[in-house]
Amino acid sequence: MKLILVMLIVGLLAWKLSPELQSWAAAQLSNPEEISKEVSIVVTAPKPVSAPFKCDGRKYCSQMTSCAEAKNFLQNCPGMKMDGDNDAIPCESQWCQ
């Protein structure tokens, strides 16, 4: 019985406020610049957390398996022997052509 009474009250309030809500929505839609100012939120995804890079002793192109791996080693590990012409592109004849 209480549930029916509550539903009846909610229905009556919605019916009573319906014209007011419609006029408010029409006023909001008539001024789109205001809406665009209010809804200019930019959400950016967090950067994925990666495991720390490990230098495992490999120094030469023959020990790498891809260009990306060679670039990672060149950027993060000292003493690499993969960039003969010092142009920051490792293993140009094998992986990074």
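Residues numbered from 1 in each chain as written. Predicted model: local features only at pLDDT ≥ 70, side-chain atom pairs only at ≥ 80, totals over all residues. Heavy atoms only, no water.

Each helix and strand in the protein was counted, giving three helices and zero strands. Across the protein, helices and strands are ordered from the amino to the carboxyl terminus as α-α-α. Out of the 97 residues in the protein, the part that is buried amounts to 13%. The contacts in the protein between residues at least 6 apart in sequence include a share of 21% that link residues at least 24 apart. When the accessible area of the protein is evaluated, it comes to approximately 8,500 Å², of which 63% is carbon and sulfur surface. (Helix = DSSP H or I, 4+ residues; strand = E, 2+ residues; numbered from the N terminus. Buried < 20%, exposed > 50% of the residue type's maximum accessible area, 1.4 Å probe, protein only. Contact = heavy atoms within 4.5 Å. Areas by Shrake-Rupley, 256 points an atom, 1.4 Å probe, with all protein chains shown as cover.)

Here we come to the state of the cysteines. Tallied over the full model, the rule gives three disulfides. What pairs with Cys-55 in a disulfide is Cys-77, and their sulfur atoms sit 2.0 Å apart. Looking down the S-S bond of the Cys-55 and Cys-77 bridge, the torsion is -100°, so its handedness is left-handed. Here the residue Cys-55 occupies a position in the loop between helix 2 (32-38) and helix 3 (67-76), and Cys-77 occupies one in the segment after helix 3, the gap between them amounting to 22 residues. Each bonded cysteine of the protein is numbered by sequence order, and under that numbering the disulfide pairs are 1-4, 2-5, 3-6. (Disulfide = S-S within 2.5 Å.)

A few words now on the nonpolar core. Nonpolar side chains in soluble globular proteins tend to end up buried together. In terms of nonpolar packing, the biggest core is built from eight residues, these being Cys-61, Met-64, Ala-70, Phe-73, Cys-77, Met-80, Met-82 and Cys-91. Leave out the neighbours within four places in its chain, and Met-64 touches Arg-58, Glu-69, Ala-70, Phe-73, Met-82 and Trp-95. (Core = buried A, V, L, I, M, F, W, Y, C linked by side-chain atoms within 4.5 Å.)

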